[in-house]
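# Notes for the structure review
Residues per chain are reported as follows:
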Amino acid sequence: MRYQKSSAEPSQNSLHRYYHANGASTSSTTSKKDKAPYALVTGSTGGIGEEWVHQLAALGFNVIAQGRNESKLQLVRSAVLARYPAVDVRLLVTEATIWPNEPLVTGLTALVEDDPSVRLTIVINNLGTVSTGFPMLEEESSESVAAVITSNAIFPAEIARICLPALKRHQPSLLCTVTSLGAWNPPPYLSPYAGTKGFDVAFSRSLWNEMAIERQDVDVVCLAPGQVVSGMHKYPPTLMAPLASVWTESAVAALRSTWWRPRPPPVVIPYRWHYWGQMLGQWSPSWLSDTVARKIAVQLKADYWEQAERETVDKKLL
Ligand SMILES: NC(=O)c1ccc[n+]([C@@H]2O[C@H](COP(=O)([O-])OP(=O)(O)OC[C@H]3O[C@@H](n4cnc5c(N)ncnc54)[C@H](OP(=O)(O)O)[C@@H]3O)[C@@H](O)[C@H]2O)c1
């Protein structure tokens, strides 16, 4: 397994490889917005996905923001436009946990295939869901297991399937899928989630090789975070669990191409403390890394239920 550690700070041209006017009119009357390529971000109404939207807009990309809640998406659009009025923000409203997903196929095809003004050069397959409360597998309903597998495996695969023709037309381009370090050291009480995160890694590596054989300039990268403060991990930030903004900055920096590394490798651990933690885990005996994974999961489960109990008491007192 090859990992790429991030050492660089983000810069204005971190993703410049994917910022090009391929196929667009470049006449002097064409506005910056019309020339700029588009980036699609899934799960963009919170956590890491919302950060991606802002950081891509800051780099000048137009954005397609996907989410299941239209009013939340409108708020994201307003916030982005308030900071970066020169970008265009399109919205893709669709659930991620359903299959078949007609709104996804129809809505995304209309944007990236039928609208010639949308030149897609980046896809951030960020959305991922997890069952709440760290249940044992047999405590889960078949619907909740299916929802996690659908949103974390089928949904990103379908996004990639629909977007690849556009990414190939507008190469060089980038297809990122966000996995988790849990794919290598799967924590207990999260078996469907951990299984799908392993899927994301193998899926990306297979496509990475496919692009090489087919001589397509489409970079396929699986980005691997450890804990990051977000809707999924509602704790104060620490060295090992940074803010979503910090983690996303490290991801943008890690994707930067340089003369000695023109294309990113298939698996990247962008945040340096996650990287060193993963290296330590990889070189430790498996009994040790399993013990650490068990301890962390048991602690998170206890914290979750303690917090849930506190919230129930608070509600009763109100
Ligand atoms: N945070 C971590 O510690 C961590 C660690 C490892 C990997 N990751 C990975 O990082 C990616 C981003 O995670 P995050 O931490 O930013 O998560 P998050 O804060 O929970 O994600 C928020 C986004 O996901 C959407 N979402 C949540 N549940 C959904 C559902 N059931 N159906 C459809 N959309 C749903 C939210 O939509 P609404 O606003 O409508 O709810 C929102 O757009 C995921 O792939 C995750 O597996 C995260």
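Everything numeric here is computed off the predicted structure, so don't read it as measured data.

Calculation rules
- Sequence order as written defines the numbering, with residues in each chain counted from 1.
- Restriction of local features to residues with pLDDT of at least 70 applies here, the model being predicted, together with a cutoff of 80 or more for giving and counting side-chain atom pairs; totals for whole chains, interfaces and linings are based on all residues.
- Hydrogens are left out, water is left out, and the side-chain values use all remaining heavy atoms of the structure.
- Helix numbers and strand numbers start at the N terminus; a helix is a DSSP run of H or I with at least 4 residues, a strand a run of E with at least 2.
- A radius of gyration in this sense is built from C-alpha atoms; the matching globule rule multiplies 2.2 Å by the number of residues raised to 0.38.
- Remark: exposure states derive from per-residue accessible area (1.4 Å probe, protein chains only) relative to the maximum for the residue type, with buried under 20%, exposed over 50%, and partly exposed in between.
- Residue contacts follow a heavy-atom distance rule, with two residues in contact if any of their heavy atoms lie within 4.5 Å.
- Values of accessible area rely on a 1.4 Å probe in the Shrake-Rupley scheme; residue burial ignores everything except the protein chains shown.
- When charges are counted, Lys and Arg contribute as positive and Asp and Glu as negative, whereas His and the chain ends are disregarded.
- Where a charge lies is defined by one atom per residue type, namely NZ (Lys), CZ (Arg), CG (Asp) and CD (Glu).
- Here is the rule: rings of Phe, Tyr and Trp (six-membered ring for Trp) pair when centre to centre is within 6.5 Å. Planes less than 30 degrees apart are stacked, more than 60 are edge-to-face, and the remainder are tilted.
- Our definition puts a charge over a ring when NZ of Lys or CZ of Arg is within 6 Å of the ring centre and also within 35 degrees of the ring normal.
- Take the buried Ala, Val, Leu, Ile, Met, Phe, Trp, Tyr and Cys residues and link them wherever side-chain atoms come within 4.5 Å; each set so joined is a nonpolar core.
- Note on handedness: a clockwise path from strand one over the helix to strand two, with the strands aimed away from the viewer, defines a right-handed crossover.
- The rule for pairing is simple: two strands pair if DSSP sees at least two bridges between them.
- For helices, the fitted line uses only the C-alpha atoms of the stretch in contact; every axis is such a line through C-alpha atoms, and the angle between N-to-C directions lies from 0 to 180 degrees.
- We call two directions roughly parallel when the angle between them is under 35 degrees, roughly antiparallel when it is over 145, roughly perpendicular when it lies between 65 and 115, and oblique otherwise.
- Note on convention: near helix rotated counterclockwise from far helix by under a right angle means a left-handed crossing. Clockwise means right-handed.
- Here the nonpolar group is Ala, Val, Leu, Ile, Met, Phe, Trp, Tyr, Cys and Pro; Asp, Glu, Lys and Arg are the charged ones; every other residue, Gly included, is treated as polar.
- Throughout this description, a polar contact denotes any pair of N or O atoms lying within 3.5 Å of each other; where both atoms belong to protein, one of them has to be capable of donating a hydrogen while the other can accept it, and for residues adjacent in sequence the pair is counted only when both atoms sit in side chains.

### Points about the overall build of the protein chain
- From N to C terminus, the protein chain includes 9 helices and 7 strands.
- On C-alpha atoms alone, the protein chain measures out to a radius of gyration of 20 Å, which is about the 20 Å that the 2.2 N^0.38 rule sets for 318 residues.
- Looking at the protein chain residue by residue over its 318 residues, the buried ones come to 47%.
- Taking the contacts inside the protein chain whose residues are at least 6 apart along the sequence as the reference set, 76% of them involve residues at least 24 apart.
- A total accessible area of about 15500 Å² is found for the protein chain, and carbon and sulfur atoms account for 59% of it.
- The centroid of the 29 positive side-chain charges in the protein chain is displaced by 7 Å from the centroid of its 28 negative side-chain charges.

### Quick look at the packing of aromatic side chains
- If you walk through the whole model with that rule in mind, you get 4 aromatic pairs.
- Judged by centre distance (5.2 Å) and plane angle (85 degrees), the ring pair of tyrosine 19 and phenylalanine 61 falls under edge-to-face. Remark: phenylalanine 61 occurs in the loop between α2 (47-58) and β2 (62-67) and tyrosine 19 occurs in the segment before α1 (32-35); sequence separation between them is 42 residues.
- We classify tyrosine 19 as partly exposed; its relative accessible area is 30%.
- Ring plane angle 80 degrees and centroid distance 5.1 Å describe the contact between tyrosine 275 and tryptophan 276, whose orientation is recorded as edge-to-face.
- A relative accessible area of 12% means that tyrosine 275 is categorised as buried.
- Above the plane of the ring of tyrosine 189 lies lysine 301, whose end atom (NZ or CZ) is 3.8 Å from the centre.

### Observations regarding the nonpolar core
- Membership of the largest hydrophobic core comes to 35 residues, with the highest contact counts inside it found for Leu15, Trp52, Leu56, Ile122, Leu223 and Trp247.
- Elements that contribute at least two residues to this core include exactly β1 (38-41), α2, β2, α3 (70-83), β4 (120-125), β5 (173-178), β6 (218-223) and α7 (244-254).
- Setting aside anything within four residues of it in sequence, one finds tryptophan 247 in contact with Ile48, Trp52, Val178, Leu223, Ala224, Pro225, Val228, Pro242, Pro270, Tyr271 and His274.

### Looking at the pairing of β5
- Most of β5 is tucked away, with 6 of its 6 residues classed as buried.
- Regarding topology, helix α5 (residues 142-169) serves as the crossover connection from β4 to the parallel β5, and that connection is right-handed.
- Taken together, the 6 bridges between β5 and β6 define a ladder with parallel strand orientation. Among the inter-strand pairings, serine 173 is bridged to a residue of β6, identified as valine 218.
- The β-α-β motif built from β5, the intervening helix α6 (residues 191-213) and the parallel element β6 has right-handed crossover chirality.

### Quick word on the packing of α2 against α3
- Where α2 meets α3, the closest approach of the two axes is 10 Å, and the angle between their N-to-C directions is 25 degrees. In terms of orientation, α2 and α3 fall into the roughly parallel class. Like other packed secondary-structure pairs, α2 and α3 cross with a definite hand, here right-handed. For the pair α2 and α3, contact is made by Glu50, Val53, His54 and Ala57 and by Val76, Ala79, Val80 and Arg83, respectively.
- Of the residues in the contact of α2 with α3, the class split is 5 nonpolar, 1 polar and 2 charged.

### Some remarks on the environment of asparagine 126
- With respect to the helices and strands, asparagine 126 occurs in the loop between β4 and α5.
- Its relative accessible area of 11% is what places asparagine 126 among the buried residues.
- Taking the C-alpha atoms as reference points, asparagine 126 and glycine 47, separated by 79 residues in sequence, lie 9.8 Å from one another.
- Discounting residues that sit within four places of it in the chain, asparagine 126 has contacts with Thr42, Gly43, Ile48, Gly49 and Val178.
- At 3.3 Å, the side chain of asparagine 126 forms a polar contact with the backbone oxygen of glycine 43.

All quantities given are derived from atomic positions and should not be read as evidence of function.
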